[in-house]
Amino acid sequence: MPTLDRPEPPYLQIAGRIRDDILSGRLQEGDAVPSAREIARTWTVAMATATKVLATLRSQGLVRPVRGVGTVVDRGGLHRTARDRSAASARTGRIYPPGHYAVIRAAGLEPATERAAAALGLDAGAPVIRRRRTTYGPDSRPLSTSTSWFDGALSAKAPALLVAERIVEGTAAHAAARLGTKIATTQERHAAGRAGEEEAAELGLPAGSPVLLGRSTFLAADGTVVEYGESAALPDHWVFYEYTTEDGE
C-alpha cells in the first residue's frame, strides 16, 4: 500500500504522485485517473481530501471531467518546458511522453547570433551547432517550436547534433554525456510575446499572434553552458512549476 512521507498536506502528496504518473507517460492522454472514492480507499484519506486531489490536478491543467466516464488525463493545456524535458530524460531516458513527438527542421554549423554567443560564452559569429525543431501533441497539432545552440567545438564529440534527426534522450543530455558530464541545472525564462514569421509558420498561426516565449540554459555541475535554447509555444497552455520552500518565502 502506498505511504505518505513528505511534510506536505496529504492531498498535495497524492496529487504529486498522480501528476508524476501523467508527466512520465504511465498515465496517457485520455486515460482515467482514480476517482475520489478510489483515492480515499487507496490512500486511507477522507473524501474531502480525495476531492481536493482531483481539484488540484484540474487547476494544474492535467485532467478534466468527462460526463459518464469520470476524470481523465488531459495534457492539451499543459506546455512542457525545457526543464520538464530534462527531468523526463533523467527519469525515463526519453524527453517526450507517449503521443508527443518532435520534427527536426534543421541542424548544422553556422555563425552564432549575438544572443546565443553571449549565452554560450563565445564571440559573436563563432561557429555553433544550431538545431531547430517543432513539437507536436497527440493530435499532430504543433505545440511549440524551438532552436538550440551548442559550442561548435562539440561537433567532433557529438556529431549526431549535426544531423536533422531526433535524439531520444534529448540534446542537452546527449551533449553532456559526450562531454563526460551531466546536466546539473536548467535555467528558464518566460514572457508573453508575438510570433515572428518563421515561428508563426511552424505553429500554424498568423504572424504576430500571441505566443509564450522561452529562453533556456542547460548547465553542467561546473557551470559550463552545454546548451542554450529559445522557444515559442501556443497560447492557452499552462507552464507548471513546483517549488519546495524551507524559509517560508
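Residues numbered from 1 in each chain as written. Predicted model: local features only at pLDDT ≥ 70, side-chain atom pairs only at ≥ 80, totals over all residues. Heavy atoms only, no water.

Undergrad: I would appreciate a short explanation of the pattern of salt bridges in the present structure.
TA: Any two side chains of opposite charge can pair, so long as their charged atoms come close to each other. Evaluation of the coordinates by the stated rule reveals 7 salt bridges. We note a salt bridge from Arg130 to Glu110, for which the minimum N-O separation is 3.5 Å. Of the two residues, Arg130 sits in strand β5 (residues 127–136) while Glu110 sits in strand β4 (residues 101–111), which places them 20 residues apart along the sequence. Under the relative-accessibility criterion, Arg130 is labelled buried at 18%. Classification of Glu110 by relative accessible area gives partly exposed; the value is 31%. (Salt bridge = Lys/Arg side-chain N within 4 Å of Asp/Glu carboxyl O. Helix = DSSP H or I, 4+ residues; strand = E, 2+ residues; numbered from the N terminus. Buried < 20%, exposed > 50% of the residue type's maximum accessible area, 1.4 Å probe, protein only.)

Undergrad: Please explain the environment of Val226 as it appears in this structure.
TA: Along the chain, Val226 turns up in strand β9 (residues 225–233). When its relative accessible area of 2% is taken as the criterion, Val226 is described as buried. For the pair Val226 and Phe150, spaced 76 residues apart in sequence, the C-alpha to C-alpha distance is 6.5 Å. Ignoring any residue separated from it by four or fewer positions in sequence, one finds Val226 in contact with Trp149, Phe150, Ala172, Ala175, Ala176, Leu179, Ile183, Phe218 and Ala220. (Contact = heavy atoms within 4.5 Å.)

Undergrad: Would you mind going over unusual backbone geometry with me for this structure?
TA: Unlike most non-glycine residues, Thr44 shows phi in positive territory, near 55 degrees. Within the fold, Thr44 resides in the loop between α2 (36–43) and α3 (47–59).

Undergrad: Looking at this structure, I do not really get the pairing of strand β2 (residues 70–73). What am I missing?
TA: Within a regular strand, side chains alternate between the sheet's two faces. In this sheet, β2 lies alongside strand β1 (residues 63–66) in antiparallel orientation, the contact comprising 4 bridges. Within β2, the position partnered with Val66 by the bridge is Gly70. (Pairing = 2+ DSSP bridges.)

Undergrad: How should I be thinking about α3 in this particular structure?
TA: Structurally, the α-helix is built with 3.6 residues per turn, so residues lying three or four positions apart point the same way. A rise of 1.5 Å per residue sets the reference length of α3, with its 13 residues, at 18 Å; its end C-alpha atoms lie 18 Å apart and thus fit the reference within 8%. Taken as a whole, α3 has its buried residues at Ala50, Val53, Leu54, Thr56 and Leu57. Buried residues of α3 fall within an arc of 155 degrees about the axis and therefore sit on the same side. In α3, those exposed residues whose orientation departs by more than 90 degrees from the buried face are Ala48 and Ser59. Against α1 (10–24), α2, β1 and β2 lie the buried residues of α3. In the stretch just after α3, Gly61 is the one whose phi turns positive, near 70 degrees. (Expected span 1.5 Å × (residues − 1). Arc of directions from axis to C-beta.)

Undergrad: Please clarify how the confidence of the model for the chain should be interpreted in this entry.
TA: Interpreting fine coordinate detail is not advised for predicted regions of low pLDDT. Looking at the chain, pLDDT values average 84 and 82% of them are 70 or higher. The secondary structure element of the chain with the lowest average pLDDT is strand β3 (residues 78–79), at 55, and the one with the highest is β5, at 95. For the stretch residues 243–249, pLDDT sits under 50, and the model shows 1 contact to residues farther than four places along the chain or on other chains. (pLDDT = per-residue confidence, 0-100.)

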